[in-house]
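Residue-level structure breakdown
Each chain is listed here by its residues.
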Amino acid sequence: MKYIGLADCNNFFVSCERVFRPDLWGRPVVVLSSNDGAIVARSEEVKKLGVPMGVPYFKVRDELEKAGAKVFSSNFDLYSDISKRVMDTLHEELGVIYQYSVDEAFFTMEVKSVKEAKIELARLKTLIQKNVGVPLSFGLAPTMTLAKYASELEKRGSGVSVLTMKDWEVQRDTVSLSEIWGVGGATTQKMREHNLITVADFLSADNSRIEKIFGVNGTRLGSELRGIPAKMPENDEAQQKSIMSTRSFSKTTTSLAVLEEALAYHTARASEELRSSHSKAGKLSIMLGTNRHSEWVLQGATSESVLPYPTNDTIVLLREVERLARAIFVKDVPYKKAGVVLSQITADDHLQLDLFGSQQVSDNKLMSVIDTVNKNLGKDSITIGRARYKESWGSNHNFQSSRYTTSWSEIMRLR
DNA sequence: TCTGGGGTCCTAGGACCC
DNA sequence: TCTGGGGTCCTAGGACCC
């Protein structure tokens, strides 16, 4: 029978940090979000302390210190590299995989016997642990939603769980809907108002009632929970719909010049990524944000512009970004973040030519030279205009580990 | 003092058309 | 004392995920 599997790395960012700091296995470790704002990854030891996911760091700093926890700023260069190694191994061993996030991938598997499937996945788990160095868990079930649920079951145990319909039919009476993938806070609330608490409640409710209240998401959820796939892992490298680059500043600013520098930096980042995926964007948006927890919360602004023709040229985009920024900037507002979003993305080889053939279709030589130099000599060896990262508007990252695997100057030294 | 960033999908409602 | 209905397209915003 065909099953859907999920491979999910345990406490991924924490595990990545531990690969190069083996002394931290068994010790409480957390990783902070960008700007050292909130907790985004916790080791088992920290979860046991009761520190919740997503809590602002400053609220739990003392508690963590008392527990002797090690704190890291996020180090995405490191995490992406480790992620790539995990995904490469999964791909080699399982064939087609669908990478769902930096630390998760779905796949399909023909299961002849549960026992054999378990042995196979346990072997794979050991292999990744040995070759890459991070622990992961596998869940195998008839649908994506159930595979997700299954993967949680053995996180602290063997790390491999196969959920058959027979198992699930026994369990689902007591599983609460809020534990299910895709059911968040707002939906849980709404379900509660309709007296739907457990999976069994949901499944015994009338189909048309579910559809009326929860729309297509409701009917899909019902199907997935009955073991009939309503979502399938897609292996094709689907075109990304949007690319964004945004960051909070360590301190607020009221200077248009500073905001323009930050926006220029994000424009460079986003268009670089656009070029590396061999595509162009038809729409550009910028955002200036204020502190969400201050009286300025509503003073943020966004603005967008449909480009005359799709482009990935940093210079063209920079010009437009500057125009938009000047239009929405308000004097004396303390801005806390800035960002750029590129959307309406099309692959280079799928571009629509306009009727008069007047648009620029050739690749910009200057851009590809800059990309090549930066690839060979390191990030930002060449920047355009003001598009260079500056600490003056940068984020806090006070506990950052080395980029052990992606930067020669930060490689681990042995003596 | 200090509260992330990067995504996707769905829906409601307005503009516009015949 | 009367005020269509049906359709498309677009966008803003909500919800969710990791």
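Located above this text is the structure these notes cover.
One structure accompanies this document, and this report is about it. Keep in mind the model is a prediction, meaning the values are calculated, not measured.

**Points about the packing of aromatic side chains**
Aromatic rings considered in pairs are described by the distance between their centres and by the relative angle of their planes. Evaluated as defined, the whole model comprises 16 aromatic pairs. Ring geometry for F13 versus Y79: centroids 4.4 Å apart, planes at 10°, classification stacked. With F13 in helix 1 (residues 12-19) and Y79 in helix 4 (residues 76-94), the pair connects residues that are 66 residues apart, well separated along the chain. Put simply, the rings of F12, F13, F76 and Y79 touch in pairs and so form one group of aromatic residues. Taking NZ or CZ as reference, K70 lies 5.2 Å from the ring centre of F72, over its face. When the ring centre of W181 is taken as origin, the NZ or CZ atom of K231, which lies over that ring, is 4.7 Å away.

**Some words on the protein's contact with DNA strand B**
Taken together, 25 residues surround DNA strand B, and among them R220, M244, T246, S248 and R292 come closest. For DNA strand B, the backbone portion of the atoms within 4 Å of the protein, that is sugar and phosphate, comes to 68%. At 3.4 Å from a base oxygen of DNA strand B is found a side-chain nitrogen or oxygen belonging to R61. Within the side chain of Q240, an N or O atom sits 3.1 Å from a phosphate oxygen of DNA strand B. Looking at the surface near DNA strand B, the elements with two or more residues in it are helix 3 (57-66), helix 10 (207-225), strand 9 (242-253) and strand 12 (335-347). Here the surface near DNA strand B takes seven residues from strand 9, the largest share from any one element. When the residues that make up the surface near DNA strand B are grouped by side-chain class, the tally is six nonpolar, 11 polar and eight charged.

**Notes on the protein's contact with DNA strand C**
By nearness alone, every residue bordering DNA strand C is listed as Y100, S101, D103, E104, K148, W181, G182, V183, G184, G185, A186 and T187. The protein-proximal atoms of DNA strand C, defined as those within 4 Å of the protein, are 100% sugar or phosphate. Note that a phosphate oxygen of DNA strand C is positioned 3.3 Å from one of the backbone N or O atoms of V183. Here G185 contributes a backbone N or O atom positioned 3.5 Å from a phosphate oxygen of DNA strand C. Mapped onto the surface near DNA strand C, the elements with two or more residues apiece are strand 5 (98-101) and helix 8 (185-193). At three residues, helix 8 tops the list of elements feeding residues into the surface near DNA strand C.

**Focus on helix 10**
In this model, helix 10 (19 residues) spans only 13 Å end to end at C-alpha, well below the 27 Å of a helix rising 1.5 Å per residue. Largest kink in helix 10: about 135°, centred on F214. Buried residues of helix 10: I210, I213, F214, G218, L221, G222, S223, E224 and L225, and no others. Its buried side turned inward, helix 10 meets helix 6 (144-153), helix 7 (165-171), helix 8 and helix 9 (199-204). Two residues or fewer past helix 10, G227 is found with a positive phi of approximately 90°.

**A closer look at the pattern of salt bridges**
Taken as a whole and assessed by the stated rule, the structure comprises 21 salt bridges. D23 is paired through a salt bridge with R21; the nearest N and O atoms lie 2.8 Å apart. Owing to a relative accessible area of 25%, R21 belongs among the partly exposed residues under this scheme. Ionic pairing is found between K390 and E261, a salt bridge with its closest N-O pair at 3.0 Å. With a gap of 129 residues between them, K390 in the segment after helix 13 (365-377) and E261 in helix 11 (residues 256-276) connect regions that are remote in the sequence.

**Some details on unusual backbone geometry**
Phi at N11 takes a positive value of approximately 40°, unusual for a residue other than glycine. Residue placement: N11 occurs in the loop between strand 1 (2-9) and helix 1. Assessed through its relative accessible area of 14%, N11 is described here as buried. Phi angles above zero are rare outside glycine, and N195 is one such case at about 65°. Mapped onto the elements of the fold, N195 is located in the loop between helix 8 and helix 9.

**What to know about helix 1**
Note: α-helices contain 3.6 residues per turn, so residues at a spacing of three or four share the same orientation. Along helix 1, seven of the eight residues are buried, which leaves the element largely enclosed by surrounding structure. Taken together, the buried positions of helix 1 are F12, F13, V14, S15, C16, E17 and R18. Looking at the packing, one finds that the buried side of helix 1 touches strand 1, strand 2 (29-32), strand 3 (39-42), helix 2 (44-49), strand 4 (70-72) and helix 4.

Conventions and cut-offs
- Residues numbered from 1 in each chain as written.
- Chains lettered and ligands numbered in written order.
- Predicted model: local features only at pLDDT ≥ 70, side-chain atom pairs only at ≥ 80, totals over all residues.
- Heavy atoms only, no water.
- Phe/Tyr/Trp six-rings, centres within 6.5 Å; stacked < 30°, edge-to-face > 60°.
- Helix = DSSP H or I, 4+ residues; strand = E, 2+ residues; numbered from the N terminus.
- Lys NZ or Arg CZ within 6 Å of the ring centre and 35° of its normal.
- Near = heavy atom within 4 Å.
- Polar contact = N/O pair within 3.5 Å; in protein donor to acceptor, adjacent residues only side chain to side chain.
- Nonpolar A, V, L, I, M, F, W, Y, C, P; charged D, E, K, R; others polar.
- Expected span 1.5 Å × (residues − 1).
- Bend = angle between axes of the 7 residues up to and from the residue.
- Buried < 20%, exposed > 50% of the residue type's maximum accessible area, 1.4 Å probe, protein only.
- Contact = heavy atoms within 4.5 Å.
- Salt bridge = Lys/Arg side-chain N within 4 Å of Asp/Glu carboxyl O.

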